[in-house]
Amino acid sequence: MAQTIQGIRGMNDILPQEGARWQYFDAVVRDWLAAYGYNQIRTPIVEATPLFVRGVGEHTDIVEKEMYAFEDSLNGEQLVLRPEGTAGCVRACIQHGLLYNQTQRLWYTGPMFRHERPQKGRYRQFHQVGVEAFGFDGPDVDAEMIVMLADLWRRLGLTGLQLELNSLGDAPERAAHREALIAYLERHVDILDDDGKRRLYTNPLRVLDTKNPALQEMAEHAPKLADFLGEASRAHFDGLRALLDQAGIGYKLNDRLVRGLDYYNRSVFEWTTDKLGAQATVAAGGRYDGLVEQLGGKPCNAVGFAMGIERLILLLETQGVEMPRAAPDVYLVHSGEAASRTAFGLAGELRAAGLKVVLHAGGGSFKSQFKKADASGASFAVVIGDEEAAAGTVNVKRLTGAAAGEQQVVAQNALAAHLGAAA
Ligand code: ATP
Ligand code: MG
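Residues numbered from 1 in each chain as written. Chains lettered and ligands numbered in written order. Predicted model: local features only at pLDDT ≥ 70, side-chain atom pairs only at ≥ 80, totals over all residues. Heavy atoms only, no water.

### A look at the overall build of the chain
- Helices and strands together make up the secondary structure of the chain, namely 16 helices and 16 strands.
- Scaling as 2.2 N^0.38, a compact globule of 423 residues should have a C-alpha radius of gyration of about 22 Å, whereas the chain reaches 28 Å, well beyond that.
- Each of the 423 residues in the chain was classed as buried or not, and the buried ones make up 48%.
- In the chain, once contacts between residues fewer than 6 apart in sequence are set aside, the share between residues at least 24 apart is 69%.
- With the model as given, the accessible surface of the chain reaches about 20,800 Å², and the carbon-plus-sulfur share is 51%.
- Separation between the mean location of the 44 positive side-chain charges and that of the 53 negative ones in the chain comes to 4 Å. (Helix = DSSP H or I, 4+ residues; strand = E, 2+ residues; numbered from the N terminus. Rg over C-alpha atoms; globule rule 2.2 N^0.38 Å. Buried < 20%, exposed > 50% of the residue type's maximum accessible area, 1.4 Å probe, protein only. Contact = heavy atoms within 4.5 Å. Areas by Shrake-Rupley, 256 points an atom, 1.4 Å probe, with all protein chains shown as cover. Lys, Arg positive; Asp, Glu negative; His and termini not counted. Charge placed at Lys NZ, Arg CZ, Asp CG, Glu CD.)

See below:
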């Protein structure tokens, strides 16, 4: 026998028993996005490499070591499996003129790819829902995004999520802070680890984001970006905080929250959980007013976030959130040639009437078919033997609820109406 071929490490199959959770998540998310007036955009999984080098930032973990980059073997183009969705979304908006004299509220979902060390909640192919708003400069849209997420946790039935908030200021403020920070880090270069030394000049803010215990004290006392914010940045941040207070959303200010992508400015936020170990962040985002221009568009304010679906599904599981079962209404049990032909036709009629129907296939005794009917979770078994086929009737048996076990003979031509009323 040939050797079996395995899936790729860190890229998961989502098996049917997990399907109910994913479908529940998708359904809740679609209603939620519609409630806020966001429209879906779908962009390709493969994009040109420079989009992310320019868009995410050359000195980010994603671009330095996590991208699945390859050369198109047919024409030599440099391509990547998208590691995130914002850059592609912005590219599409610019390319199709979606940002000229108009605002956009957009969302997308799909797989993202990062070459990370796989562990619980961290995979090489994972899924995100991303939400982006273009053309808004006020803190009201920043607040809307955070409020939306609080609302989503409520809709999903998730509890205990924490919000962390920071302001990164605008480019000149960041530049002034960066200079002060580099000078400070240079004074402590002897204690920096390899990551710290590597990032000192390329991405000094990220040095403060270190998890190395030996660097915590140094990071605590580093120059704070908050002290470099100008009037406009501060007013924006105060505006956001006032709206969050008004909405009754608690948060923790974290002046070391910087995010792994280079394009953020002003507001940044993360929603975290203490239930998933080190993979604590379930949604993260912020403002990125410079990105559209950086990718070749006319300057355009922007704010957005992305959430990790796998981590949220794990959380739904950990918190034991009950999923509505996607069970059929009817399991059609049949035996005998005429009965099976009748059952085939009836299944079509019932589906046309809006019912969810599993038509038994593969033969077997009534007893074994009933077992499958029970296991399917169907509300009713509809049974047809040759006798019923000849009489133009079926036997309807309730499988669930208080009246489980009750049976009734029903005319075939009255079945859809009967079940529709009873379901
Ligand atoms: P982390 O700090 O956990 O690596 P990140 O800052 O790289 O996250 P973002 O790029 O902001 O994450 O992506 C948004 C969300 O996507 C994260 O908060 C997380 O929920 C999810 N996510 C990111 N990388 C992965 C991954 N490799 N596997 C599963 N989910 C992920
Ligand atoms: Mg990461």
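### Quick word on helix α14 (residues 366-376)
- Of the positions making up α14, those classed as buried are Gln369, Ala373 and Ser376. Projected down its long axis, α14 carries its buried residues within an arc of 65°, all on one side. Exposed residues on α14 whose side chains face more than 90 degrees from its buried face are Lys367, Lys371 and Ala375.
- Tucked inside the fold, the buried residues of α14 contact β12 (330-334) and β14 (380-384).
- Once α14 finishes, Gly377 follows within two positions and takes phi at roughly 80°, a positive value. (Arc of directions from axis to C-beta.)

### Describing the packing of helix α1 (residues 16-35) against helix α5 (residues 139-156)
- Relative orientation of the contacting elements α1 and α5 amounts to 140°, with a least axis distance of 10 Å. Between α1 and α5, the interaxial angle falls into the category oblique. In the packing of α1 onto α5, the handedness of the crossing is right-handed. Contact with α1, carried on its side by Tyr24, Phe25, Val28, Val29, Asp31, Trp32, Leu33 and Ala35, involves Met148, Leu149, Asp151, Leu152, Arg155 and Leu156 of α5 and no other residues of that element.
- In terms of residue class, the contact of α1 with α5 is built from 11 nonpolar, no polar and 3 charged. (Axes fitted to C-alpha atoms, helices over the stretch in contact; angles between N-to-C directions. Parallel < 35°, antiparallel > 145°, perpendicular 65-115°, else oblique. Left-handed = near helix turned anticlockwise from the far one by under 90°. Nonpolar A, V, L, I, M, F, W, Y, C, P; charged D, E, K, R; others polar.)

### Some details on the nonpolar core
- Ranked by internal contacts, the top residues of the largest apolar core, which has 92 residues, are Phe134, Leu149, Trp153, Trp271 and Met307.
- Broken down by element, the residue count for this core peaks at 9 residues, all from α5.
- If we ignore the near neighbours within four places in the chain, the residues touching Trp271 are Ile146, Leu149, Ala150, Trp153, Leu161, Gln162, Leu163, Ile249, Ala280, Thr281, Val282 and Ala283. (Core = buried A, V, L, I, M, F, W, Y, C linked by side-chain atoms within 4.5 Å.)

### Some remarks on the sheet that holds strand β3 (residues 68-71)
- Read across the sheet, 3 strands follow the order β2-β4-β3 without closing on themselves; strand pairing throughout is antiparallel. The open sheet has two edge strands, β2 (46-48) and β3, and neither has a second partner. Taking each pair of neighbouring strands and ignoring which way they run, the sheet shows an average axis angle of 35°.
- Across 4 bridges, β3 lies against strand β4 (residues 78-81) in antiparallel orientation. (Pairing = 2+ DSSP bridges.)

### Re the sheet that holds strand β9 (residues 265-272)
- Strand order in the open sheet made by the 8 strands is β1-β5-β6-β11-β10-β9-β7-β8, with mixed pairing throughout. The sheet is open, and its two edges are formed by β1 (39-40) and β8 (252-253), each paired on a single side.
- For strand β7 (residues 162-167) and β8, the ladder comprises 2 bridges, and the chain directions are parallel. Paired with Leu165 across the bridge in β8 is Leu253.
- This element, helix α10 (residues 231-246), spans β7, β8, β9 and β10 (281-287) of the sheet and lies at about 160° to β7.

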